[in-house]
Amino acid sequence: MINVIGLGYIGLPTALMLAAHGWEVVGTDYNQEIVNTLNLGQTTFKEQGLDELFHAAVKAGIRFSEDYMKTDTYILSVATPYDKLSKKIDPQYLIKAMQSVMKVCTKGAIVIIESTVSPGTIDKQIRPIVEAGGFVPGEDIHLVHAPERIIPGNMLYELKHNARTIGADHLNVGEQVKAIYDSFCVGEIIVTDIKTAEMTKVVENTYRDINIAYANELVKICHVDNMDVYEIIRIANRHPRVNILKPGPGVGGHCISVDPWFLVGDYPGLANIILAARRINDSMPEFVLERIHDIMKENGMRDVSRVGLYGLTYKENVDDMRESPTLQMLDCMEKHLCGNLVKIYDPMVKEDVVANQYYDLDTFLGEIDFLVILVGHKEIIDNMHKLKGKVVLDTRNICDLEGTYRL
Ligand code: SAJ
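Residues numbered from 1 in each chain as written. Predicted model: local features only at pLDDT ≥ 70, side-chain atom pairs only at ≥ 80, totals over all residues. Heavy atoms only, no water.

Caption draft 1: Fine view of helix α12 (residues 325-335). When α12 is considered as a whole, its buried residues turn out to be P325, T326, M329, L330, C332 and M333. End-on, the buried residues of α12 take up no more than an arc of 160°, which puts them together on one face. The outward face of α12, more than 90 degrees from its buried face, is lined by the exposed residues D331 and K335. In this fold, the buried residues of α12 make contact with α11 (272-298), β9 (307-310) and β10 (343-345). Of the residues that open α12, the one with a side-chain oxygen 3.2 Å from the backbone nitrogen of T326 is S324. (Buried < 20%, exposed > 50% of the residue type's maximum accessible area, 1.4 Å probe, protein only. Helix = DSSP H or I, 4+ residues; strand = E, 2+ residues; numbered from the N terminus. Arc of directions from axis to C-beta. Contact = heavy atoms within 4.5 Å. Polar contact = N/O pair within 3.5 Å; in protein donor to acceptor, adjacent residues only side chain to side chain.)

Caption draft 2: Highlighting the site of the ligand. Near the ligand there are 20 residues, and of these E148, K201, N205, R208 and Y314 occur at the shortest range. Measuring from an oxygen atom of the ligand, one finds a side-chain N or O atom of R208 at 2.5 Å. Side-chain polar atom of K315 to an oxygen atom of the ligand: 2.9 Å apart, as the coordinates give it. In isolation the ligand exposes 770 Å². Once the protein is present, 90% of that is buried. Split into classes, the residues belonging to the shell around the ligand amount to nine nonpolar, three polar and eight charged. Domain assignment of the residues forming the shell around the ligand places at least three in each of domain 1 (2-192) and domain 2 (204-406). (Near = heavy atom within 4 Å. Areas by Shrake-Rupley, 256 points an atom, 1.4 Å probe, with all protein chains shown as cover. Nonpolar A, V, L, I, M, F, W, Y, C, P; charged D, E, K, R; others polar. Domains from an automatic or database assignment.)

Caption draft 3: Broad picture of the environment of E198. In this structure, E198 sits in helix α8 (residues 194-224). It is 6.3 Å that separates the C-alpha atoms of E198 and V117, two residues lying 81 residues apart in sequence. Not counting the four nearest positions on each side in its chain, E198 is found in contact with V117, S118, P119, G120, T121, I122 and H145. In terms of polar contacts, E198 uses its side chain to reach the backbone amide nitrogen of I122, at 2.9 Å.

Caption draft 4: Spotlight on unusual backbone geometry. Phi is positive for N226, which is not a glycine, with a value near 55°. Following the sequence through the fold, N226 ends up in the loop between α8 and α9 (229-236). Assessed through its relative accessible area of 72%, N226 is described here as exposed.

Caption draft 5: The arrangement of the pattern of salt bridges in detail. Considering all chains together, one arrives at 16 salt bridges under this definition. The closest approach of N and O atoms between R164 and E114, which form a salt bridge, is 3.3 Å. In this pair, R164 sits in strand β7 (residues 164-168) while E114 sits in the loop between β5 (110-113) and α5 (121-132), placing the two residues 50 residues apart along the sequence. Close ionic contact of K201 with E148 constitutes a salt bridge, the shortest N to O distance being 3.4 Å. (Salt bridge = Lys/Arg side-chain N within 4 Å of Asp/Glu carboxyl O.)

Caption draft 6: The environment of K70, seen in detail. If you trace the backbone, K70 turns up in the loop between β3 (63-65) and β4 (73-76). Judged by its relative accessible area of 62%, K70 is exposed. Setting aside residues no more than four positions away along its own chain, K70 makes contact with V104 and T106.

Caption draft 7: Examining the sheet that holds strand β8 (residues 189-192) more closely. One open sheet accounts for eight strands, arranged β3-β2-β1-β4-β5-β6-β7-β8; its pairing is mixed. The sheet is open, and its two borders are formed by β3 and β8, each paired with just one other strand. Each strand axis lies, on average, 20° off the axis of its neighbour in the sheet, ignoring direction. As paired elements, β4 and β5 share four bridges and run parallel to each other. The residue bridging T73 from the neighbouring strand is I110, located in β5. (Pairing = 2+ DSSP bridges. Axes fitted to C-alpha atoms, helices over the stretch in contact; angles between N-to-C directions.)

Caption draft 8: Main features of the domain arrangement of the protein chain. For the protein chain, the domain assignment lists domain 1 (2-192) and domain 2 (204-406). Summarising the inter-unit geometry, the C-alpha centres of domain 1 and domain 2 are found 32 Å apart. Counting residues at the interface gives 18 residues for domain 1 and 19 residues for domain 2. Of the roughly 1,700 Å² buried between domain 1 and domain 2, counting both surfaces, carbon and sulfur atoms make up 54%. Across the contact surface, domain 1 and domain 2 share one salt bridge. Here E204 makes a salt bridge to R149, at a shortest N to O gap of 2.3 Å. (Buried area = accessible area lost by both parts, 1.4 Å probe.)

Caption draft 9: Quick peek at the sheet that holds β9. Strand order in this open sheet of five strands is β10-β9-β11-β12-β13, and the pairing throughout is parallel. Every interior strand has two partners, whereas the edge strands, β10 and β13 (405-406), have only one. By the bridge criterion, two bridges tie strand β12 (residues 391-394) to β13 in an arrangement that is parallel. Its bridge partner lying in β13, D394 is registered against R406.

Caption draft 10: Layout of the pairing of strand β6 (residues 142-145). Burial of the side chains of β6 extends over both faces: H142 and V144 are buried on one face and L143 and H145 on the other. Bridge count between β5 and β6: four bridges; the pairing is parallel. Note that in β6 the partner of V111 across the bridge is L143. Of the pairings in the sheet, the one linking β6 to β7 comprises two bridges and is antiparallel in character. Residue pairing for β7: H145 is matched across the bridge by G167.

This is the structure:
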């Protein structure tokens, strides 16, 4: 039996996938609401194909509980937030989960950590918990790091097709864990040591952050001399060895905007490009605000309440708002007392998270003259024709209406 601990964005799909592929699975979460919702037959977040997989897993016998199980295999996919001040990882949930596992597990158990951690965390913070439990790590209890790599919006496809890394102390344990993932994953599975697996995961997300920062820096450079950054990137990317990512209003989400800080925090003075990239990406929400201000001026607009921000989530077609550039923009706007005046709308977010009400697209568009597209949800792409006659600032380069402003 596999006990998957932490039923969030990663743990839930992983647990469901395992159950749908023949494993006996119990999903555990300390959050009673999540467990209750799942036990009532509903999923807890939106993701392409998740509901179908959920039903298949339920049919296959998956169970959900607040309790940890006595078994031989655990997968830990709990949140690993970072401390905004120190910019270091905060492993409190992982530590608590590990301590709870130690109370129920027996000799020979394998504990697979999927949560992203900064390099060295498992050695420094998790091994001692195994020892405190009266076990010898690597002999009685086997620690494994199998960092998740799936992208929100296309999680289930990537869970099946992406290559994976498995870090273990002993090759035979790595191979044993590989066999578990092999049951549903057709991608390559690479077995290595734990620290290499930890570092590789952080390096991947940092690479993407740096590449996006380059695109965002180009936006600012091109803006000075009125050059078309999108055309420049499009042509540059025709070079066989160039692939610049897309500029945007900033980098959000709980991964790309967080993981690079682990390297900055642990290697100050060395992680220089990484730090510069973080700063560039973090400066984008303010850059967008400056653009809004300039465009209002150019069009003789004064009334902030006729400005509408489209998109609250950190990226398109997901319902996750963590570290979202729009929320960062609203923070800056609050300082200028206009954050609660602008209209905000996001079809993926059903709760009233900011001062604004929830609108449908038509009502929202009816109340504004100036639309700022911050997230390229499918809904807005399908309804571009409704934007005719409005001033539009498109931060995602998805709108082809004449006269549209871009970054
Ligand atoms: N973004 C841009 N321009 C781009 C691509 C993204 O501005 O060209 C922005 C997005 O709008 C978003 C942020 O960057 O605000 C991050 O989005 P993303 O789609 O790049 O990545 P995440 O955070 O959804 O998922 C990443 C993935 N990592 C990599 O691609 C290296 C995923 O594979 C990881 O599993 C995930 O982080 C994670 O959990 O670590």
